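Listed here are the chains, written in short residue letters.
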Amino acid sequence: EEIEEYLDHINEIAEAVVVGRQDSLSGELTLTAIVYPQMDQFDKNATHEQIEAAVTAQIKKLNKKLVSYKQLRQVEFRYEPFEKTTSKKIKRHTVK
């Protein structure tokens, strides 16, 4: 949740969840950010590739400020909001 708070301060990110994912090559658990971009921060003609490049660049800047074990190793993108509870919190158990 600490890293999610840092991600909340990035204007290009509307919502994000940080999860541990098994690396397919090394088998190690890596921190992965699942990001729903703040679409109104981008030109309406921006492609998903351009949006993802801009968000990834911001996450790389963030990683430089974090100790190595807190750094995000992977970023996954989704283009629909996360499912939420009635109190507007992301339902973490539904994030895959």
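See the structure above.
In this report, we go over the structure that sits alongside the text. Only a predicted model underlies this, so the values are computations on that prediction, with no experimental measurement involved. (Residues numbered from 1 in each chain as written. Predicted model: local features only at pLDDT ≥ 70, side-chain atom pairs only at ≥ 80, totals over all residues. Heavy atoms only, no water.)

Some points on the pattern of salt bridges
Side chains that differ in charge, positive against negative, can pair when their charged atoms come close. Scanning the entire structure with this criterion turns up five salt bridges. For K70, the salt bridge goes to E2, with nearest N and O atoms at 2.9 Å. On the criterion of sequence distance, the pair formed by K70 in the loop between α2 (48–65) and β3 (74–77) and E2 in helix α1 (residues 2–8) is long-range, its members being 68 residues apart. By relative accessible area, E2 is classed as partly exposed at 37%. Among the ionic pairs, E15 bridges to K84, the shortest N-O distance being 2.4 Å. Placement of E15 in strand β1 (residues 13–22) and of K84 in the segment after β3 is noted, with a sequence separation of 69 residues between them. (Salt bridge = Lys/Arg side-chain N within 4 Å of Asp/Glu carboxyl O. Helix = DSSP H or I, 4+ residues; strand = E, 2+ residues; numbered from the N terminus. Buried < 20%, exposed > 50% of the residue type's maximum accessible area, 1.4 Å probe, protein only.)

Points about α2
Given a rise of 1.5 Å per residue, 18 residues ought to cover 26 Å, and the 26 Å separating the end C-alpha atoms of α2 matches this to within 8%. Of the residues making up α2, those classed as buried are I51, V55, I59, L62 and N63. Viewed along the axis of α2, the buried residues span an arc of 110°, placing them on a single side of the element. Across α2 from its buried face, at more than 90 degrees, point the exposed residues E49, K60 and K64. Where α2 is buried, its residues contact α1, β1, β2 (29–37) and β3. (Expected span 1.5 Å × (residues − 1). Arc of directions from axis to C-beta. Contact = heavy atoms within 4.5 Å.)

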